[in-house]
Structures are given as C-alpha cells and as structure tokens.
Amino acid sequence: MKKVSKLVALSLIVSVLMSSTTAWGASLSSDSVKGSNDQILTDVKTVAGIGDFGAENGAALSSSFRSPSSIVVLPNGAQLVADTRNHLLRLVKDNQVTTYAGLSLKKDIKGFPEGGRYDGSTDASFFQNPAGLAIDSQGNIIVADAANHAIRKITPSGQVTTIAGNGLIGMKDAAGMEASFYNPSDVAVAANGTVYVADTLNHLIRSISPTGQVKTLNSLSGRLIEVTPGQVIQSGDFADGALASAKFNEPTGLALDSKGNLYVSDTGNQRIRYIDLQNNMVTTVAGSSLNDAKTGLYGKSDLYAAGDYADGPANKALFNSPQGIAVTDEGGLLIADSHNHSIRYLLNGQVSTIAGAANLRGGEADGGDRSAQLRNPSDVAVQQDGSILVADSGNNKIRKISLYKLPANLPKDNEVKVAYGSQLIEFNVKPEIKDGRTMVPVRAITETLGYKVTFNEAARSVQLSKDGVAIELYIDKTGIKKTVEGKDAVMKETDAAPYIKDDTTFVPVRFFAEQIGLNVQWYEAARTAILR
C-alpha cells in the first residue's frame, strides 16, 4: 500500500516525505544474488509479534497484535502499524512496541476489543478497524479508518481529526465530513496534498483535495449478483480505458510512483491496475485469470475473478487476492499476494516471487525466500536500507525480507565454492562439478552442519546422522535413504552417486542438503552452491 521515492535531488524531497516508505539502499533486481530459475535470494525473519492474538507492548519479539493490516515507515526509521482488530495504531521502534494512537475500552461477546470513533489526542481517540496508512509532506499520518467509513489524520503534535467521511456507509461526494465511504482500505498522498482513497466496498477510487472536497474518479459498477435467494448486491466490475468509465472490484491497495501516477491493487479482479492521472487513463499492468478465455472474467454468480498463481510475463501472471503494494526505488512494484501467502515483485513486465512458501500454503517459518512461510500477508513497506517489511496479518506478526548476502570472504575465482548461509565452508580438498552436479567432500560439509559421519565398508555406504535423523548414501550407486527415528526408512532416487577420489569421499550436496531441510541454490556468477 506504500509509495517509495529515491532521494536524488532537492525537488524530490517533498515526495519522499510524503511517501509511506523510502528506499535509499539495495535494489531488489540489480543488487540481488539470483539462484536457480533466476530466483532472487532473500532472507525472511520475524521482527515483531509472537503470533498470538493480543495487544501486549514491550520487547518487539514478545509483543502481540491482532491482524495487523498495514505498515508505514516513518522518517526516523520507526514503523507504524495499523493493528486492525485491536483498533489501534502501534509503533515499532528500537525493538520495542508501544501504542501510538487509539483506545479500546470494551470487548464484544467473543472477547475481542471493540473500536469506536472519536477525535482528540492520540491517547484519547478511537478507531475502528484502521487499515491503510500514509504520510503527507507536513508529517501528518493519514489513516483509512475502514469500519468507521472515514479518513482520519494524526498531526505531528498528536491530534486526531476526521478529514472526510461521516461515519456512515454511503457513496457521497461532498466536503469533508459531509462525504461518505464504504470500508475504505487504503490511502496515498500526492505531492500537492491530494489524498487518494481505495473505497473498497464501493469499488471506487476517490480523491480528497487539500481543502477537503471528496470526488469520485471512476465509474460505479452496475453488476448485480444474487448472493442468496432474494438478496442482490452490487458487485465490482472490470473496465480499462478512460478513468471516468473505468471499473474496479474491491480495490484495496494504492501506491504512487515517481511520476505521480497511481498503482491500484484491484483485489477482486486479481489484477494490478495503473491510473495515469495526467491523461486520466486506466490500464492493467499485471494479472489475468485462467477463466478469461473460457467464460470471461466472471461467471454468472461470481463476486470475484478466479484467483490462482503463476510467475512470468505480467499479462499472464496470476494472483490470488493481491492487497498491499509498494513502489521500489528501481521502479518495481512489491505486491502482498495474500491468498497465495507470498510477496510478489513486478519489474520490467515480469512477475516473480521473492518470499513465501513454494507450496502456497500458509505458515510462519522464517527462512530463505520460497522456504519461508507467510499467512495472508496484507501489506508491504520498504525501509531506508532497501529491506522490506511485511504486515503478516494471518500470523499477527511483522516480518522483514532482506536480500541474501554472500560471505564477505568469498574468493573471486573460478573454483567451486559452498556457502552455508553467509558462512564460507572451507575445504582441504576442493569441491567439483561432475555431470552437472556439485560434489563436495563429505566430512567438511557435515562437520559444518553438525552431522556425525560413519562409513559402512561392507555396504559401501556413508551415513550422516543428527538428532534422530540419518541420511545414507551409497558409493558409486544412485539413491539416498532417509531414516527418522521411530519411522520407516524412505528411499529416494537421485541422478548422482557419491564416489571416492584421492581418499576423499564426495557426495552430491543438493540431495543431501535437501533431505535435511536446507534450500540449495547455485549462483553461477560466483560459482557457489548456497545452502540455507
């Protein structure tokens, strides 16, 4: 949901201040290490939240959230989180979590906090399901207060006011609190002070002028769906072209680019749209649907386009409920692809995945890029060093994605090398490539990983064991056997066999490493096998 500008000249300072995040560090594409299948290698870790529902302040890794849905990086590097189901804004600074704004004095019948609507000082104000966040040039924080159907502002002095919306569901263009919205999910602030609003359940993009005048930019959807017998609702629709006649389906994420134009995460259409605000035109820049060529975008009773997953050319990429977005300093777009539990990246007409479980199932494991797990991520923001923050809503956590770094002491030569994380593994006998496979001396690799090595002369096998897990490979024979204590052994075919050379046993590093749960990537530029 965020905007990122690169500070290159005085003329851009204002736009940087108004961006929800700034990125002056590493570029995802040009500064990354890329592994197999051109995968950008990243490391994912938790920086705040224990994962349980709660509202505990204190040390970041002991704190708790309830469905954090948005995150913005403040000019001082601290992070502000819309802690949606706690009805609070929380501050993450110096590894501590505090409450920045909002109160919740009551609980509902299920024991969950109840929100409210009240302007005043930050410690005496109320919100209800606060969602998208942005910062303007004066340092004001703009909040899409979703369940209050209003847009709120928090001044640097700590005063909360309502700049638009009367608190009731509606679709009315008017000045300030005379206007009405329906579950606004995100906001973005332009250089001239205009606030853009993703008015989600109205399926509209709205604008609020610096004087408070609310204006609808695109066309209302006329598509009616009978959701239950006798109950008809107005669903979203899809149309590119002139902005005044364009249509959206539950837009939830906004991000301004360096030209002052607007990216829209068009969630119900499974697409990323682009509004050229100078020419008032809307185009689709990424996303499609497997049903497009068969039944059209929607079936007769479909509220949404069908979601799916596919990387590749932007016009063929598939998303599943894309939500928060952020523009990077190199002009790419980060996308919180919530129901694919992944973070995707659009750059130069291609979509790739930089983090999230390869099986597209939700989880909370930290780790390397596709080995890491997220659960319904709802927003992304870029820090000043180029690292990416994720509002991992389904896990009630804040996660951080950093570019993987090669070992600092990696030799710049043509020898085959092996890195364990960012540690260079030292070998007395050099690894080598045989038949396209990286073969490594078994003793050095297992000692680094903490495994015990035993040899069975009769069976001509080498066994690697640790913590109740044993991996057995066979000299000059393919195949690998894995035995977990208390379970039957499992055999797996391989296309490379261990061998003995100069009294040293070599094993295929990929097959062994993958069996013990490590991700293995080959980085050709440095001739390095990377284990994480």
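Residues numbered from 1 in each chain as written. Predicted model: local features only at pLDDT ≥ 70, side-chain atom pairs only at ≥ 80, totals over all residues. Heavy atoms only, no water.

If you check an unreviewed UniProt entry, the chain appears there as Stalk domain-containing protein from Paenibacillus radicis.

Helices and strands together make up the secondary structure of the chain, namely three helices and 46 strands. Whereas a compact globule of 532 residues would reach a radius of gyration of roughly 24 Å, the chain reaches 26 Å, a difference of no more than 12%. Counting only C-alpha atoms, the chain reaches 85 × 55 × 55 Å along its principal axes. The buried share of the chain, reckoned over its 532 residues, is 55%. (Helix = DSSP H or I, 4+ residues; strand = E, 2+ residues; numbered from the N terminus. Rg over C-alpha atoms; globule rule 2.2 N^0.38 Å. Buried < 20%, exposed > 50% of the residue type's maximum accessible area, 1.4 Å probe, protein only.)

On to the environment of Pro-184. With respect to the helices, strands and loops of the structure, Pro-184 is situated in strand β14 (residues 184-189). The spacing of Pro-184 and Asp-145 is 39 residues in sequence and 6.9 Å in space, taken between C-alpha atoms. Beyond its immediate chain neighbours, meaning those up to four positions away, Pro-184 contacts Ala-131, Ala-144, Asp-145, Ala-146, His-149, Ala-150, Ile-151, Val-197, Ala-198, Asp-199 and Thr-200. (Contact = heavy atoms within 4.5 Å.)

Strand β12 (residues 150-154) sits mainly inside the fold: four of its five residues count as buried. Where strand β11 (residues 141-145) meets β12, five bridges bridge the pair, whose relative direction is antiparallel. By the bridge assignment for β12, Val-143 is matched with Arg-152. Taking the residues that link successive antiparallel strands as the turn, the β11-β12 hairpin has four residues, and the phi of His-149 there is positive, at about 50°. Bridging between β12 and strand β13 (residues 159-164) involves four bridges; their strand directions are antiparallel. (Pairing = 2+ DSSP bridges.)

Turning our eyes to something else, we now look at unusual backbone geometry. Within the chain, Glu-250 stands out as a residue other than glycine whose phi angle is a positive 50°. Within the fold, Glu-250 resides in the loop between β20 (241-242) and β21 (251-256). A positive phi angle is found at Asn-376, which is not glycine, with a value near 50°. Looking at the secondary structure, you find Asn-376 in the loop between β30 (367-368) and β31 (377-382). For Asn-376, a relative accessible area of 30% gives the class partly exposed.

Attention now moves to the pattern of salt bridges. Under the criterion given, the structure shown has 22 salt bridges. The salt bridge involving Asp-311 is made with Arg-344; its shortest N-O contact spans 2.9 Å. Pair noted here: Asp-311 is in the loop between β24 (281-286) and β25 (312-313) and Arg-344 is in strand β28 (residues 342-347), with a separation of 33 residues, a long-range link. A single network of salt bridges, built from pairs that share partners, joins Asp-43, Asp-369 and Arg-532. (Salt bridge = Lys/Arg side-chain N within 4 Å of Asp/Glu carboxyl O.)

All right, on to the UniProt feature "domain: Copper amine oxidase-like N-terminal" (unreviewed entry) in the chain then. If you check UniProt for "domain: Copper amine oxidase-like N-terminal" (unreviewed entry), the listed places come out as residues 423-530 in our numbering. Measuring from the first to the last C-alpha atom of residues 423-530 gives 10 Å, for a span that is 14% helix and 49% strand. (UniProt positions renumbered as here; feature names shortened; annotations may be inferred.)

Formed by 26 residues in total, the largest nonpolar core has its most connected members in Val-418, Ile-445, Leu-464 and Leu-531. The set of elements that each furnish at least two residues to this core consists of α2 (442-449), β39 (461-466), β40 (469-474), α3 (509-515) and β46 (528-531). Those residues in contact with Leu-464 that sit more than four places away from it in its chain are Val-442, Thr-446, Tyr-451, Lys-452, Val-453, Val-469, Ala-470, Ile-471, Leu-473 and Phe-512. Membership of the second largest hydrophobic core comes to 19 residues, among which are Leu-334, Ala-355, Leu-374 and Ile-388. (Core = buried A, V, L, I, M, F, W, Y, C linked by side-chain atoms within 4.5 Å.)

Looking now at the sheet that holds β40. Across the sheet, which stays open at both edges, the five strands sit in the order β38-β39-β40-β41-β42 with antiparallel pairing between neighbours. Each having just a single partner strand, β38 (452-456) and β42 (490-492) make up the two edges of the open sheet. Direction aside, neighbouring strands of the sheet carry axes that sit 20° apart on average. Sheet analysis places β39 next to β40, joined by six bridges and oriented antiparallel. Bridged to Val-462 within β40 is Leu-473. (Axes fitted to C-alpha atoms, helices over the stretch in contact; angles between N-to-C directions.)

Turning our eyes to something else, we now look at the packing of aromatic side chains. Going through the model one piece at a time under the given rule, you end up with four aromatic pairs. Ring centres of Tyr-499 and Phe-506 lie 5.3 Å apart, and the angle between their planes is 15°; on these two criteria the pair is classed as stacked. Judged by its relative accessible area of 7%, Tyr-499 falls in the buried class. The cationic tip of Lys-434 hangs over the ring face of Tyr-499; the distance from NZ or CZ to the ring centre is 4.2 Å. (Phe/Tyr/Trp six-rings, centres within 6.5 Å; stacked < 30°, edge-to-face > 60°. Lys NZ or Arg CZ within 6 Å of the ring centre and 35° of its normal.)

Here the focus is the side chain of Asn-395. Here Asn-395 shows up in the loop between β32 (388-392) and β33 (397-403). A relative accessible area of 4% means that Asn-395 is categorised as buried. Within the structure, Asn-395 has its side chain in polar contact with the backbone oxygen of Gly-363 (distance 2.8 Å). In terms of polar contacts, Asn-395 uses its side chain to reach the side chain of Asp-392, at 2.7 Å. Setting aside its immediate chain neighbours within four residues, Asn-395 contacts Gly-51, Gly-363, Glu-364, Gln-373, Leu-374 and Arg-375. (Polar contact = N/O pair within 3.5 Å; in protein donor to acceptor, adjacent residues only side chain to side chain.)

Bringing the environment of Tyr-523 into the picture now. Tracing the chain through its elements places Tyr-523 in strand β45 (residues 520-523). Residue Tyr-523 is classed as buried on the basis of its relative accessible area, which comes to 17%. Setting aside its immediate chain neighbours within four residues, Tyr-523 contacts Val-33, Lys-34, Leu-406, Thr-528 and Ile-530.

Another aspect to go through is the pairing of strand β19 (residues 231-235). Pairing between strand β18 (residues 223-228) and β19: five bridges, direction antiparallel. Residue Glu-226 lies in a different strand from β19, and its bridge partner there is Val-232. Where β18 hands over to β19, the hairpin turn is made up of two residues, of which Gly-230 adopts a positive phi near 90°.

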